[in-house]
Amino acid sequence: SRLILLLDGEQILGGCGSRMDPPTAYVFPESYDRISVVKGPQTVLYGPGNSAGTVLFERSHERLGKAGVEGTASLLGGSSGRSDQVLDARGGTRDFYVRGIGTRTHASDYRDGAGNPVHSRYTRWSATAAFGWTPSDDLRLELSGTRSNGEAAYADRSMDGSKFLRENVAFKGEFRRLSPLVERVEVQAYRNDVDHIMD
């Protein structure tokens, strides 16, 4: 409650009054380019609620140099059924772009040192689509949407998290070098709906 989390400039809160789904339950770090931590209330740039600090999950938004498609993909596998998949692709021209990001992570119950299974499996996924207009190096307008969901088994309580649904729509505008006195102006509007169920 003393940290503020911003996902590319958007504040997100958990849906459970008992704090069983903190904001981090809806963050997929693999889908962001940078994670920054601002210690304490050292800045007023990010609004209230940051007496202990601010955590920024940010994406890069460089203008495409030429028409084409670029992207990254990664796969991870581990013990106890652990697997991660990430796909981030962007294509377009210098004036327009489309970006799609998909992530999925899964793990099965693991076994403790005595070989006993521990109730701990989880699955999470997210999908993001963004459409942008960049007519110059100094202007960017973007419309985006995200949907994610997941479920988690908890070894330390009598209920599991059966739903962590987040639906998001956002509009962002960035204007640079407007005058010798104004370096940059950012405008954004967004809506997040979180539906969290324990059973």
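In what follows, the structure referred to is the one given above.
Residues numbered from 1 in each chain as written. Predicted model: local features only at pLDDT ≥ 70, side-chain atom pairs only at ≥ 80, totals over all residues. Heavy atoms only, no water.

Visitor: What is the right way to look at the side chain of Glu 142 in this model?
Guide: Looking at where Glu 142 falls in the secondary structure, it is placed in strand S11 (residues 139-152). On the basis of relative accessibility, which here comes to 6%, the residue Glu 142 falls in the buried class. In terms of polar contacts, Glu 142 uses its side chain to reach the side chain of Tyr 97, at 2.5 Å. (Helix = DSSP H or I, 4+ residues; strand = E, 2+ residues; numbered from the N terminus. Buried < 20%, exposed > 50% of the residue type's maximum accessible area, 1.4 Å probe, protein only. Polar contact = N/O pair within 3.5 Å; in protein donor to acceptor, adjacent residues only side chain to side chain.)

Visitor: Explain unusual backbone geometry here, please?
Guide: Excluding glycine, a negative phi dihedral is what most residues carry, and trans is how most peptide bonds are arranged. Of note, the phi angle at Asp 8 is positive, near 50 degrees, even though the residue is not glycine. When you line up the elements, Asp 8 lands in the loop between strand S1 (3-7) and strand S2 (10-11). Backbone geometry at Arg 177 places phi at a positive 50 degrees, although glycine is not the residue there. Mapped onto the elements of the fold, Arg 177 is located in the loop between strand S12 (161-176) and strand S13 (184-198).

Visitor: I keep staring at the pattern of salt bridges and nothing clicks. Help me out?
Guide: Close approach of charged atoms lets side chains of opposite charge pair. Tallying each qualifying case throughout the model produces 21 salt bridges. Between Arg 184 and Glu 174 there is a salt bridge, and its shortest N-O distance comes to 3.8 Å. Of this pair, Arg 184 sits in strand S13 while Glu 174 sits in strand S12, and the two are 10 residues apart along the sequence. Among the residues examined, Glu 174 registers a relative accessible area of 10% and is labelled buried. In this structure, Asp 193 engages Arg 191 in a salt bridge whose closest nitrogen and oxygen atoms are separated by 3.1 Å. Residue classification places Asp 193 among the partly exposed residues on the basis of a relative accessible area of 34%. You can call Arg 191 exposed: its relative accessible area is 53%. Linked through salt bridges whose partners overlap, the residues forming this network are Arg 140, Glu 142, Glu 174, Arg 176, Arg 184 and Glu 186. (Salt bridge = Lys/Arg side-chain N within 4 Å of Asp/Glu carboxyl O.)

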